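# Examination of the molecular architecture
Listed here are the chains, written in short residue letters.
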Amino acid sequence: MEVLKQRILEEGVVVSDQVLKLDALLNHQVDPQLTMEMGREFAGRFADCGITRIVTVESSGIAVAFATAYVMNVPLVFARRKKTLLADPDALCERVPSFTKGIVTDIMLSRQFISSDDKILFIDDIIANGDAARGLIKIIQRSGAELVGLGVVVEKSFQAGARTIREQGIRLESLVRIMSLSDGKIVFDD
């Protein structure tokens with residue numbers, strides 16, 4: 001997506017050779033038109049897969065996952081990162097490290113919103129090391145649902161996350177692939 005690449009170049013902030021801050025696009029502020037365009041792109045790529053439900057991890061993936069779910073006319077379910085007093089005590093849960101937060105958290109998905117009849121499309125904002133993605137994939141697999149694929153807005157191809165997901169035989173579609181953040185420059189992998 002050329003428009004996304006251009007916006008990343010204009011508004012992304014290279015924090016280090018490992019971290020790209022996309023607060024202006026995905027992680028703090030959301031551009032509704034760009035987000036809907038990303039949702040249409042994912043919906044088009046997975047149009048023939050019989051998707052019954054979109055899943056994501058709160059919170060940065062929610063906007064793009066919502067746009068995709070809207071276009072595909074299916075429900076969106078997001079895995080929570082914090083347990084609440086009203087949380088389902090029988091929720092599917094997985095402990096995962098967070099690359100950007102530097103902590104380990106639990107992600108939880110209520111069994112009420114995912115079943116073995118579902119064909120799941122997992123949408124996320126960024127894949128780096130892939131820990132959160134692998135955690136949600138385990139939850140989906142334990143639910144008995146079929147994971148049809150994973151769509152990520154930004155793949156940092158210089159980190160192992162996307163590669164390890166693909167090595168599991170999971171279809172992973174990225175809107176943009178970044179090859180390097182060295183010397184404060186964003187280099188796309190075309």
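Quick caveat, the model's predicted, so the values are computed rather than measured.

Glancing now at the side chain of Thr 68. Assignment of secondary structure puts Thr 68 in helix H4 (residues 62-72). Here Thr 68 falls in the buried class, since its relative accessible area comes to 0%.

It is worth spelling out the UniProt feature "binding site: xanthine" (unreviewed entry) in the chain at this point. Per the UniProt entry, the sites bearing "binding site: xanthine" (unreviewed entry) are Leu 20, Asn 27 and Lys 156 in this numbering. Locating Leu 20 in the fold gives a position in strand E2 (residues 20-21). Residue Leu 20 is classed as buried on the basis of its relative accessible area of 9%. Within the element layout of this structure, Asn 27 appears in helix H2 (residues 23-27). When near neighbours in sequence (up to four residues on either side) are disregarded, Asn 27 contacts Leu 22, Ser 60, Asp 125 and Ile 126. Reaching out from Asn 27, the side chain makes a polar contact with the side chain of Ser 60 at a distance of 2.9 Å.

With that out of the way, let us pick up the packing of helix H3 (residues 32-45) against H4. In the contact formed by H3 and H4, the axes pass within 7 Å of each other and the chain directions differ by 55°. Between H3 and H4, the interaxial angle falls into the category oblique. The handedness of the crossing between H3 and H4 is right-handed. Note on element contacts: H4 touches H3 through Ala 63, Val 64, Ala 67, Thr 68, Tyr 70, Val 71 and Met 72, opposite Thr 35, Met 36, Met 38, Gly 39, Arg 40, Phe 42 and Ala 43. Class assignment for the residues of the contact of H3 with H4 results in 10 nonpolar, 3 polar and 1 charged.

Quick look at the UniProt feature "binding site: 5-phospho-alpha-D-ribose 1-diphosphate" (unreviewed entry) in the chain now. UniProt's entry tags Ala 128, Asn 129, Gly 130, Asp 131 and Ala 132 with the feature "binding site: 5-phospho-alpha-D-ribose 1-diphosphate" (unreviewed entry), counted in the numbering of this structure. Considering the arrangement of structural elements, one finds Asp 131 in helix H5 (residues 131-143). On the accessibility criterion, Asp 131 (24% relative accessible area) is partly exposed. In contact with Asp 131, not counting residues within four places along its chain, are Val 96 and Pro 97. Relative to the helices and strands, Ala 132 resides in helix H5. Residues within four places of Ala 132 in sequence aside, it is in contact with Arg 81, Val 96, Pro 97 and Ile 107.

Enumeration over the complete set of coordinates arrives at 18 salt bridges. The shortest N-O distance in the salt bridge between Lys 5 and Glu 2 comes to 3.5 Å. Of this pair, Lys 5 and Glu 2 both sit in helix H1 (residues 2-11), 3 residues apart, roughly one helical turn. A relative accessible area of 59% means that Glu 2 is categorised as exposed. Connected through salt bridges with shared partners, the residues Glu 41, Arg 45, Arg 171 and Glu 173 form a single ionic network.

In this section: a nonpolar patch on the surface. Taken together, Phe 66, Tyr 70 and Val 71 make up a surface patch of nonpolar side chains, about 330 Å² in accessible area. Judged by its relative accessible area of 35%, Val 71 is partly exposed.

The next point concerns H4. Listed as buried for H4 are Val 64, Ala 65, Ala 67, Thr 68, Ala 69 and Met 72. Elements that come into contact with the buried residues of H4 comprise H2, H3, strand E3 (53-57), strand E4 (76-79), strand E7 (119-127) and strand E8 (146-156). Following H4 by one or two positions, Asn 73 has its phi on the positive side, about 60°.

Cut-offs used in this document
- Residues numbered from 1 in each chain as written.
- Predicted model: local features only at pLDDT ≥ 70, side-chain atom pairs only at ≥ 80, totals over all residues.
- Heavy atoms only, no water.
- Helix = DSSP H or I, 4+ residues; strand = E, 2+ residues; numbered from the N terminus.
- Buried < 20%, exposed > 50% of the residue type's maximum accessible area, 1.4 Å probe, protein only.
- UniProt positions renumbered as here; feature names shortened; annotations may be inferred.
- Contact = heavy atoms within 4.5 Å.
- Polar contact = N/O pair within 3.5 Å; in protein donor to acceptor, adjacent residues only side chain to side chain.
- Axes fitted to C-alpha atoms, helices over the stretch in contact; angles between N-to-C directions.
- Parallel < 35°, antiparallel > 145°, perpendicular 65-115°, else oblique.
- Left-handed = near helix turned anticlockwise from the far one by under 90°.
- Nonpolar A, V, L, I, M, F, W, Y, C, P; charged D, E, K, R; others polar.
- Salt bridge = Lys/Arg side-chain N within 4 Å of Asp/Glu carboxyl O.
- Patch = residues over 30% accessible without salt bridge, like charges linked within 9 Å, V, L, I, M, F, W, Y side chains within 5 Å.
- Areas by Shrake-Rupley, 256 points an atom, 1.4 Å probe, with all protein chains shown as cover.

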